[in-house]
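# Chain and residue survey
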Amino acid sequence: MRFLKRMMRTGFVSLAVGSLACLCFSMNSSAQLIPAPGMDALGENQYPNQQYYVGLELYREGALSDASAAFGEALRQTRRDPNGRWIDAIPVHAMLGECFYQVGDLSAAIEQFDAALSLAIRHRGWINRIQWETAIKAGEIQPSPAASWAGKATPTLVPFSQSLQLATGSNNLEASYDRGSFESARVTLVDANEILKGLSISLYRRGIIFGPLAADFDIGRNALAAIEYPTNPNGRSVVGCVRACGYFASRNDKDALAESVTSSTMAGRVHALTPLSLITAARVLASRDNFSEAVPVALQAAAAASAVNQPEWACEAMLVLAGCITAENAQTVQANSIAMASSHLRRGRIATLGALLAGTEAALARNDVNTAGTVVGQAATLLQNREVFVPRVAAACDLLVARVAAARGGSLGGNAAIDESVSRAIGFANGQGYGLDGKRRVQRGGAIMFSTPRLFQLGLVGIETSGRGIGGRAVDERLEQFVSDRAPGLLPDQVWRADHLDALAYESFDLTNAMTAYLISTWKRNPPLDVLVQSDALMRRRFLATLPIGGRLQQTRRLAATERDLLVESAAAVLVKPPARLARMLAILSTPPSPYGSPELLARGNELESLTTQLALDRGNIPATMPPPIIGQSDLDKLQKGTGLLTFVSVGEAMIGTLTLNGNVKTWSTETPRSITIEISRLLRGMGAIVSRGSTRIDSAEGWRSNSAALRSMLIPDDVYATMRNAERVIVVPDGPLWYLPFELLGFDDSATALWADRFVVTYAPTPGLALHNVAQNRLDRPTGVFSSLFFSPRDAELNANHLATVTQSLQLMQTLPSNPPVATSALGESIGRLVVFGVVTPNLSDPSLTTPGLYDAANSDGTIASWLRFPSLVPTQVILPGFRTAGANANLGDGREISWLLTAMHCCGVRNIVLSRWPVGGESTSLLLKEFLQELPYDDTHRAWHRAVASIRNTPLDPASEPLLSGKDAAIDNLTGSSPLFWAGYLLDASGPE
């Protein structure tokens, strides 16, 4: 944790990035092929030691475990004095850091990179003690044979000497004593380029790992200050390349690009520092809007790396290039990648791997699926070699394997190979990979386990938040940068280009804790509208986090399947000129589906799911589609005058509430959810929803009203409620146990003599965005599908039939379910507009997606909500489940997720209006309530029809013998009416969007 503590001391600062320069670079085209210099020329007195070069060769062949062992031995052999290690340890630390980086242990990698940079700071001035005048040898050094793939673009090399003289020590014994050493003056042979490359690696990789946080740490700036230009021009270019990496590590992209242009070559020739400098330039160019400019620079970097026998950086160059492939450059990239892979197969297998991954990306961009499959298959085979162990590259390969399988017709959730490949890749990103010893990584103290940069950065932001507390402006700004759910997408586009796996894993990660922290900070500091927007973002993210790869599949499905005029603006804009695969989806969905059960319908669904998976696994953001987001004030204008939007979001030990009415937003915090939960339980027990053995359900004294008044005061401050009293309709967005609270029972006044049900039309929504946006058009011209079991009267089939007839007699168009042949509920939307299920529907609490709303198709996988979410589903636009059973009738209330998740999921399938019961009632009361509601639906808005139906049942006499919930003393009550909330308050109407 030492490195984390060091990092935290510096704090977070804001960053302004200047305009960027254009890269102008030319390479000598002559190709000269002789073997690269080996290690035989190294003597005992030359630094780094020979063991370091052994590790370097092993690393280049992808044998990370053996390489790290060699580097560990090299570190033990490095020179030490009373001040610690000397500069010969710099490249060893850097390559150990690279080993840790490649296995995903970013905490350990940073420790090694910082150790290398600390040596540069401690031994400042050594660069100018190099005898640079002897650096350039006579004659020529020929490129490595592995560079032959570049053809005429193979660069010529600067004839740098591998061994340079460095003056060390001092004849001044007094000064030596003051420094704690007694080294006499002497000349030492050093591989200066290798040491400088170690500094470049450390700076470059810090820039990659820390990303937007990189500029916040002093060590990068201090190291850059210690790396001074030598006075001799022979060393100007190589040191300039190190400084280019230093600027990149400090987020100074403009100077990084300019320095790379200046220093990458000497008279058109390349040297040992050229590859990393060019890769840095390519990284900068890849972050710009015209990112395709990075492709030729990355290819030049790969050629230079091949020429100077640095296959590891040839691999890195190709991975940078892979994120910038377009249809225009894909063919060139593919040809170069395949040629490079072949050239490096016998010299630097790690470069072969990078080239094969880039070649796969290029083939996919060209829709050449067969070539993509062949190339990625070669990469996968090479990675299975027992000597090859490069987990980061393997994870990237897994992701490409899944993309190729999807392009061949497979889909997530329908193809085990795709599921397993994606799971392995994201598992690596989440820190579930292997260490350098080949064993599973385990938590070391407080070290962050995430293996990809963006997730690692999120971990650092979490440390900063917990260390300084929420509410400081710098912390708020950092949280916003990482978790603010903007309309264009959660991530900047350059993150997708920089590291596909990093971006996909970040979107797949459960960000709700970080978003909760940001909501708290927003509530403390920002305007009320921002609080509402972030409350919506948090609720959306909670749902999306339960879906595969962060909901990207479902976002894609709804982008294709939702009517364009119902999409938010950012999503509808994509459909103006959709990508080819999205256009194909739109074309398929524009044609009528084949009958249920037909091979054609199955093929339609498989193709749609394959296209969905391809788009979801591709690089790039998918616009926020479902649940629809709240963007700003324009969304609030969708609320009709007199309609209030009341939201609650649980944030640990408190709740944050908002009220939006007539365009104005108010916000507040409530008491602790625990005390509210206790009061809700008392209310439910008092009005009969929760009953103990032997007790009665009907309380003639209506003692629950005191709980009702208390709850209103706990939930909504008096000044806010004074405004809300003027509303006509209230849309409630509950959270947690509030889903079990019938808000209709809250006291309109302090004594609760009047209830909300008496003064407001109360409806519900699972997210604020769903309260403001419709998800589908009503299909009023289609029949109502009805399924019924012994629900109204479980012990009397004849009475049950009578109650069913009461409900259905007023339906003009009705279809009894199941039909003959039976059609699963996921395909009913083609034939019916409304689904009514009279039966007890018990949600699957361990996996809500396995809940079967229709009951009759419970044995059919097509009847689960999971199937409703997948193509080729077409579901009814209204669903009524009066027998839904929640934890609201239990002594210990749940967290409400079985309600909120199901409602959100149904909306994300295209269901517009939903009626659920918090506890099943049945009997005469249910039949009369739903009769009134269903007969009014064709003629009025859903919420008004529901309000009138509830008002009607409250004034209707009931027969106790016809109510299954009543027994004992309750069954003998005279003059029973539906006024008892037991018979009507358990239902909730979720009506999305304005009507």
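Residues numbered from 1 in each chain as written. Predicted model: local features only at pLDDT ≥ 70, side-chain atom pairs only at ≥ 80, totals over all residues. Heavy atoms only, no water.

Here strand S7 (residues 655-661) pairs with strand S8 (residues 664-669) via six bridges, running antiparallel. Across the sheet, residue Thr660 finds its bridge partner in S8, namely Val665. (Pairing = 2+ DSSP bridges. Helix = DSSP H or I, 4+ residues; strand = E, 2+ residues; numbered from the N terminus.)

Moving on, we get to unusual backbone geometry. Backbone phi values are negative for most residues with the exception of glycine, while trans is the configuration of most peptide bonds. Cis rather than trans, the peptide bond between Leu817 and Pro818 has omega equal to 0°. Summarising the element assignment, Pro818 is placed in the loop between strand S12 (814-816) and strand S13 (834-838). At the junction of Phe871 and Pro872, the peptide bond is cis and its omega measures out at 10° in the coordinates. Note that Pro872 resides in the loop between helix H36 (865-869) and strand S14 (878-881). One non-glycine residue, Asn367, lies in positive phi territory at about 60°. We classify Asn367 as exposed; its relative accessible area is 62%. Despite not being glycine, Asn662 has its phi angle at roughly 55°, a positive value. Position of Asn662 among the secondary structure elements: in the loop between S7 and S8. On the basis of relative accessible area, Asn662 is assigned to the partly exposed category, the value being 47%. (Buried < 20%, exposed > 50% of the residue type's maximum accessible area, 1.4 Å probe, protein only.)

With that settled, consider the packing of helix H2 (residues 50-60) against helix H4 (residues 90-103). Taken N-terminus to C-terminus, the directions of H2 and H4 make an angle of 25°; their axes are 11 Å apart at the nearest point. In terms of orientation, H2 and H4 fall into the roughly parallel class. Of the two possible hands of crossing, H2 and H4 adopt the one that is left-handed. When H2 is examined against H4, the residues Tyr52, Leu56 and Tyr59 are found in contact with a partner set consisting of Pro91, Val92, Met95, Glu98, Cys99 and Gln102. Across the contact of H2 with H4, the residue classes break down as seven nonpolar, one polar and one charged. (Axes fitted to C-alpha atoms, helices over the stretch in contact; angles between N-to-C directions. Parallel < 35°, antiparallel > 145°, perpendicular 65-115°, else oblique. Left-handed = near helix turned anticlockwise from the far one by under 90°. Contact = heavy atoms within 4.5 Å. Nonpolar A, V, L, I, M, F, W, Y, C, P; charged D, E, K, R; others polar.)

Okay, the nonpolar core next. Counting 184 residues, the largest nonpolar core has Phe71, Trp132, Leu196, Leu199, Tyr204, Leu321 and Tyr506 as the members making the most contacts within it. By size, the runner-up hydrophobic cluster in this structure holds 110 residues, among which are Leu745, Phe838, Leu902 and Leu930. (Core = buried A, V, L, I, M, F, W, Y, C linked by side-chain atoms within 4.5 Å.)

The next subject is the packing of aromatic side chains. Counted under the stated rule, the structure contains 23 aromatic pairs. Ring plane angle 20° and centroid distance 5.7 Å describe the contact between Tyr204 and Phe248, whose orientation is recorded as stacked. Of this pair, Tyr204 sits in helix H7 (residues 192-210) while Phe248 is found in helix H9 (residues 236-249), placing the two residues 44 residues apart along the sequence. The buried category is assigned to Tyr204, whose relative accessible area is 0%. Measuring from ring centre to ring centre gives 6.1 Å for Phe743 and Trp756, while their planes differ by 40°; the resulting arrangement is tilted. Of this pair, Phe743 sits in the loop between strand S9 (729-733) and helix H33 (756-759) while Trp756 sits in helix H33, and the two are 13 residues apart along the sequence. For the pair shown, Phe743 and Trp756 are each scored as buried. When the ring centre of Tyr101 is taken as origin, the NZ or CZ atom of Arg205, which lies over that ring, is 4.0 Å away. Sitting over the ring of Tyr764, Arg918 keeps its end group 5.0 Å from the ring centre. (Phe/Tyr/Trp six-rings, centres within 6.5 Å; stacked < 30°, edge-to-face > 60°. Lys NZ or Arg CZ within 6 Å of the ring centre and 35° of its normal.)

By themselves, these are just geometric observations and shouldn't be taken as functional.
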